[in-house]
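# Inside the fold
If you want the building blocks of each chain, they are given just below.
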Amino acid sequence: MYDFVVIKYSEIGTKGKNRKIFESKLMNNIVLQLNHSVKVKKIYGRIIVFPKDNIKIDKKMLYSLKKVFGIKSISPAIEVEKDYNDIKNKIIWLLKENHVESGTFKIDARRTDKSFPIRSFDLNKKLGEDILNEFNKLTVDVHKPEYLIKVEIRQELSFVYFENIECFAGYPVGAGGKASIMLSGGIDSPVAAWTMMKRGLKLNAISFYSPPSNGEKTIFKLLELSKKLSEFYPFNFYHYIIPFTEVQMAIKKLKKDSYSLIMQRRSMLRIASKLAWHTGSAALITGENLGQVASQTLENMITISEATDMLILRPLIGYEKLDIVRKSKEIGTYDISILPYKDSCVAFLPKSPATKSFVDKIKLMENKIEDIKTLELNALNNSLVYIIKNGSIIDNYVFSEKEGLNNE
Ligand code: ATP
Ligand code: MG
């Protein structure tokens, strides 16, 4: 069937040296995300993906390619000989194979190999006529054709294709540094993770849960989310799941219910910042959204982020909830996010979180918990670490077993 896939990518905003980096990362990521089942080659501003022996270019492969960030569109193509009849026959075969029997088309030929005797203009005309003769329900429309049939006659490679499957574009993962996503079981944080991956960030995930009141099922849900995200990720995706119950109990003991959510969030940030050092992350990412819930007011965000010096990215801050929901459905995390199992925060949610809070007041309360630092360190050391690749868990261990710098 198809011989290879032609990849278009957008170089907008990438020039000179950056463009070279963009291209080499993209090629590398394509190979990794498709589990080394393909070889790639760069030809005149396109990347050509060749399947390795016996591997078919099918829906599954195209679906995997669609998830590689940096790709603008993909087109399964057929190689042609530099021979008019071969070109014509392969176009006819391509249209029949795809059940294109009626509608409008246009031939768009490009000949950069001048040793081929027919000029692009004449090739368009001649092929157009032959296609019209072959399919009596097809007509030509040069302005808005339903099927734009591309013919490329190049020195290195000549081919035909007509499909142009739009992809997500963005930057190749790894082109923009590394950060940690604070991944709850909700709808927002997986979308925030996806959004920043698409901007080229390498990511790992940090989640807090409260065993035993929410244990196995919460872990299952969190891992389902990171499995889904890992489909867009060419490297090993590390997910740190941190038991938060003891910290939460200590905060609860203070009996300052309306501030407990803010204190929990501050504690989460302190623990996550420690982990960020361990993983070489330069920033934390959250799914926060201004004003969506009472705890997400500007004042509370200021009080919460004061707990760390790290840069906090909030890619969804100004989004409409409906748009976030739509996105989560598109990337496939929605159905997992709406599973009923609670992440730690919901389980301990105070009835009326404070909407105005002050750093000094909060710090005084925190100081009343003598061993907060120890509790936080214990939580970190008891974290479960899962390594996920292409939708499957490939390894897991407890954090303290392998503590040390993790550069992956
Ligand atoms: P989400 O849909 O991501 O849960 P939300 O709108 O429900 O977001 P909150 O529950 O207030 O908002 O959480 C705000 C952000 O704080 C989350 O998007 C997430 O980044 C982080 N967060 C909250 N709870 C946890 C948790 N248990 N583990 C890790 N991060 C968390
Ligand atoms: Mg939530």
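Residues numbered from 1 in each chain as written. Chains lettered and ligands numbered in written order. Predicted model: local features only at pLDDT ≥ 70, side-chain atom pairs only at ≥ 80, totals over all residues. Heavy atoms only, no water.

### Re the pattern of salt bridges
Threshold: Each reported salt bridge corresponds to a side-chain nitrogen of Lys or Arg within 4 Å of a carboxyl oxygen of Asp or Glu. Strands are runs of DSSP state E lasting at least two residues, helices are runs of H or I lasting at least four, and both sets are numbered from the N terminus onward. Residue exposure (1.4 Å probe, protein chains only): buried if accessible area is under 20% of the type maximum, exposed if over 50%, otherwise partly exposed.
Throughout the structure, instances matching the rule amount to 21 salt bridges. Across the pair Lys 42 and Glu 23 runs a salt bridge whose closest N-O atoms are separated by 3.3 Å. Pair noted here: Lys 42 is in strand S2 (residues 38-43) and Glu 23 is in helix H1 (residues 16-33), with a separation of 19 residues, a long-range link. Among the ionic pairs, Glu 224 bridges to Lys 227, the shortest N-O distance being 3.0 Å. Note that Glu 224 and Lys 227 are positioned in helix H6 (residues 216-230) at a spacing of 3 residues, about one turn of the helix. Glu 224 sits in the partly exposed class, given a relative accessible area of 23%. Through salt bridges that share partners, Arg 266, Arg 270, Glu 306, Lys 363, Glu 366 and Glu 376 make up one connected network.

### Remarks on the domain arrangement of the protein
The test is simple: Where each domain begins and ends is defined by an automated method or by a domain database. It only takes one pair of heavy atoms within 4.5 Å for two residues to be counted as in contact. Accessible area, probed at 1.4 Å, shrinks when two parts are joined; the buried area is that loss added up over both.
Along its sequence, the protein is organised into domain 1 (4-166) and domain 2 (178-398). Using C-alpha coordinates to define each centre, domain 1 is positioned 43 Å away from domain 2. With 6 residues of domain 1 at the interface, the matching set in domain 2 holds 10 residues. Buried area between domain 1 and domain 2, summed over both chains or domains, comes out near 820 Å², and the portion from carbon and sulfur atoms is 58%. Put simply, domain 1 and domain 2 have 1 salt bridge between them.

### Some remarks on unusual backbone geometry
The peptide bond linking Pro 211 to Pro 212 adopts the cis configuration, its omega dihedral lying at -5 degrees. One non-glycine residue, Asn 54, adopts positive backbone phi at about 70 degrees. Mapping Asn 54 onto the fold places it in the loop between strand S3 (46-51) and helix H2 (59-66). Residue classification places Asn 54 among the exposed positions, given a relative accessible area of 83%.

### Some remarks on a negative patch on the surface
Defined as follows: Nonpolar side chains (Val, Leu, Ile, Met, Phe, Trp, Tyr) are joined into patches within 5 Å and like charges within 9 Å, using only residues with over 30% relative accessible area and no salt bridge. Surface exposure here means Shrake-Rupley accessible area, sampled with a 1.4 Å probe, where a residue is shielded only by the protein chains that are shown. The charge count treats Lys and Arg as positive and Asp and Glu as negative. His and the chain ends do not count. Working definition for charges: the position is that of NZ of Lys, CZ of Arg, CG of Asp or CD of Glu.
Residues Asp 3, Glu 79, Glu 81 and Asp 83 make up a contiguous surface patch of negative charge. If you trace the backbone, Glu 79 turns up in strand S4 (residues 71-79).

### Observations concerning helix H10 (residues 321-331)
How we decide: Each C-beta atom gives one direction from the helix axis, and the arc is the one those directions make.
The set of residues buried in H10 consists of Ile 324, Val 325, Ser 328 and Ile 331. Considered in projection along H10, the buried side chains sweep an arc of 135 degrees and stay on one side of the axis. Among the exposed residues of H10, those oriented more than 90 degrees off its buried face are Leu 322, Arg 326 and Lys 329. Those residues of H10 hidden inside the fold are in contact with helix H5 (188-198), H6 and helix H11 (334-337). Within two residues after H10, Gly 332 carries a phi angle of roughly 95 degrees, on the positive side.

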